[in-house]
Amino acid sequence: MDYEEKKKKQFIRALIAEAGMVLSVLVIVVVATLAAMGFFISSNGGIEQSGLMQIHSLPTGATVELDGGTLFSRTNLSKTMSAGEHTLKLSRENYDTWEKTVKMYPGVLVRLHYPRLFLQNRVAEAVMNLSDKTKDEKAGLEFYQPSQSRNYIIYAEKGAATWKLLEVKGDEVKTTLLDLSGILPGMVEEKTETKAKVGIDAQSTIPKYHFEGEIMSLTWSKDENRVLAKVSYGGKTEWVLVNLRDVANSLNLTKTFGMSFDRIEMIDNAANQLFALENHQLRRINVSEKTMSRVLLGNIQDFDSNGTNVIYSTTELAMQGGEEKYRAIGVYRNDEKDGTILAKVKPGEKTQIALARYFDEDYMCYVVGDKPTILYGDLPSYDEKGAVLAGLKTLAEDNVFSTIPESLEVSTGNEYLVARAGAKYMVIDLDMGDLYEYEAPTAGLNWLDGSMMYAVSNGEILVWDFDGTNRRNLSESVKAGSQASEDKLTPMARPVMIASNNKWMYYLSEDKTGIKLVREKI
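Numbering of residues starts from 1 in each chain and follows the order in which that chain's sequence is written. The predicted nature of this model means local features are confined to residues of pLDDT at least 70 and side-chain atom pairs, given and counted, to a pLDDT of 80 or more, with totals for whole chains, interfaces and linings taken over all residues. Hydrogens and waters are ignored; side-chain quantities use all the structure's heavy atoms.

Caption draft 1: Main features of the pairing of strand β24 (residues 300-306). What makes two strands pair is DSSP finding at least two bridges between them. Labels follow the DSSP assignment, with helices taken as runs of H or I lasting at least four residues and strands as runs of E lasting at least two, numbered in each case from the N terminus. Bridge count for β24 against strand β25 (residues 309-314) is six bridges, and the pairing is antiparallel. Looking across to β25, one finds that isoleucine 300 is bridged to threonine 314. Hairpin geometry of β24 and β25 is characterised by an intervening segment of two residues between the two adjacent antiparallel strands and by a positive phi of about 65° at glycine 307.

Caption draft 2: Quick look at the nonpolar core. Within the largest apolar cluster, 30 residues are counted, with the highest numbers of intra-cluster contacts made by Met53, Ile55, Leu88, Tyr425, Val427 and Met453. Per-element accounting of this core gives the leading share, three residues, to strand β7 (residues 98-104). Isoleucine 55 has contacts with Val64, Thr75, Asn76, Leu77, Met81, Leu88, Leu90 and Leu112, leaving out every residue within four places of it along the chain. Formed by 23 residues, the second largest nonpolar core is a distinct cluster that contains Val227, Ala229, Val240 and Leu244. What makes a nonpolar core is a set of buried Ala, Val, Leu, Ile, Met, Phe, Trp, Tyr and Cys residues whose side-chain atoms join them at distances within 4.5 Å. Buried residues are those whose accessible area, probed at 1.4 Å on protein chains only, stays under 20% of the maximum for their type, while exposed residues exceed 50% and partly exposed ones sit between those limits. What makes two residues a contact is simply this: any of their non-hydrogen atoms within 4.5 Å.

Caption draft 3: Focus on the side chain of threonine 314. Among the secondary structure elements, threonine 314 is positioned in strand β25. What threonine 314 contacts, discounting residues up to four positions off in sequence, is Asn299, Ile300, Gln301, Arg327 and Ala328.

Caption draft 4: Summary view of the pattern of salt bridges. By definition here, a salt bridge exists when the distance from a side-chain nitrogen of Lys or Arg to a carboxyl oxygen of Asp or Glu is within 4 Å. For the structure on display, the rule yields 18 salt bridges. In this structure, the salt-bridge partner of lysine 164 is glutamate 157, at a minimum N-O distance of 3.7 Å. Residue class for glutamate 157 comes out partly exposed when judged on its relative accessible area of 25%. In this structure, the salt-bridge partner of glutamate 336 is arginine 333, at a minimum N-O distance of 4.0 Å.

In structure tokens:
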């Protein structure tokens, strides 16, 4: 072989080797990229894509069993899973277990952040008396309402002019007295008591009041500094925004603006701005300046708000240039000229509306009959030329409820849409769009935390996850022979609350001596 021929063959071999190396690098990069995206070769030789599940629990440190096998890591953790259904079980020593069949989607991050395990053999303890029947056999509570952030409880005894604010952030329950005698309608002056003026022999009288009205509803502001009270007295209804930090600066909205409001909702966390509905007209109230806006929307039958955004349904309207009637479902952005219509429905059709904001997107939810519609994206702006809805996406458009709901609302964390007809619950997960339907132990909707519901039935506290699974009777796990058994601290049908520190669960218990605030370390 001559030199030139040998040189040519060496060049070809080098070229092939170089190409092989480049190809190998490309294959490695592609395989690594596909693996990072969750693609893998299944047992039957096909290529499938896995998903990623984040598994958290309260408390953390729970053992995780996936499809019958125990994982090395404990919660909180992340785990890649093949698409499809998987059985998941969480357990921890001295706690109950949580288990569920979960669904994994290819290439999707599934957040499982809500599982809660409850301490076994809990001991119930009476913290304080809220009303004393030994002094007055008719003693009871006018209202009892925990705050949404689970740091406070506010309550008042029947007929009392003084409200009591309980701080339950830590292990010690702290009480603050709030004198509402000069604030609420329905406060009636009764017999007076005498008191000597300091340094003066003459006597002066101090008026004493009792409450003869009814607290129809009570709503906390998110910053927990105010409550909005709807008060009925003498056949009239008045709305009062009570300042819990400075009661004297509370505001009677009905008297201030001389209007009989049908409904009021807080706009911001501090309740400095409010939406108010009066005679089918929606306005905005500035609490600090004591001013009211122009009519933002007219012909409003119902509305729901999230911040400054609003979803609404109208009264019966007439088509332009025709006799045909319809009702509109629309949305409204802050201070715009008018609303944007999402849908038109027949006047006789039953509708429900709700508005949420979840992971920086607006969720516009409405139900016509048994058909839910969920649009998400940025709330559309008003356009005089007509509605522009092109940027909105539809979540789970094939969902249909098994019955027409009586109510529709969003969970406290804006994660779930809950429709209800009696004790029939129809829940849509706003993250994945899955629909869950089940019969609940109660017709009332109560949230124990952002994902767990509860009911107090026959003296027992029953809890379950938003989708109806993991139903547990918490009263069964109270330690036998404990104070709860000896003193019969049986839960009564009043709100149950887990404190924000996730350490204590509070509820009320009533016996012949009165009503007690009870707690269990969970």
